[in-house]
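Listed below are the residues making up each chain.
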Amino acid sequence: MSAGDKIENAAEKLGGKAKEAFGNATDDDSKVAEGRADQSKADLKNAGENVKDAFKH
């Protein structure tokens, strides 16, 4: 996994956490769900990249 991919995935996860926190602060359930979805998407991307890396070596 390249450093750029790691940074991009970390930024997406951080953005998801921020959305979730904003949703919790404003009682906006859709923002909470959106934030959690963004975090899950970033986690899946990381897992996919880790699988790719495992087959490279």
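Right above here is the structure, for reference.
Here is what the cut-offs are and how they apply
Residues numbered from 1 in each chain as written. Predicted model: local features only at pLDDT ≥ 70, side-chain atom pairs only at ≥ 80, totals over all residues. Heavy atoms only, no water. Axes fitted to C-alpha atoms, helices over the stretch in contact; angles between N-to-C directions. Helix = DSSP H or I, 4+ residues; strand = E, 2+ residues; numbered from the N terminus. Parallel < 35°, antiparallel > 145°, perpendicular 65-115°, else oblique. Left-handed = near helix turned anticlockwise from the far one by under 90°. Nonpolar A, V, L, I, M, F, W, Y, C, P; charged D, E, K, R; others polar. Contact = heavy atoms within 4.5 Å.

(A) Summary view of the packing of helix 1 (residues 3-26) against helix 2 (residues 29-56). Packing of helix 1 against helix 2 brings their axes to within 7 Å, and their N-to-C directions diverge by 160 degrees. Relative to helix 2, helix 1 is oriented roughly antiparallel. For the pair helix 1 and helix 2, the crossing hand works out as left-handed. Per-class residue counts for the contact of helix 1 with helix 2 are three nonpolar, seven polar and 15 charged.

(B) The side chain of Glu 12, seen in detail. Here Glu 12 is to be found in helix 1. What Glu 12 contacts, discounting residues up to four positions off in sequence, is Asp 38, Lys 41, Ala 42 and Lys 45.

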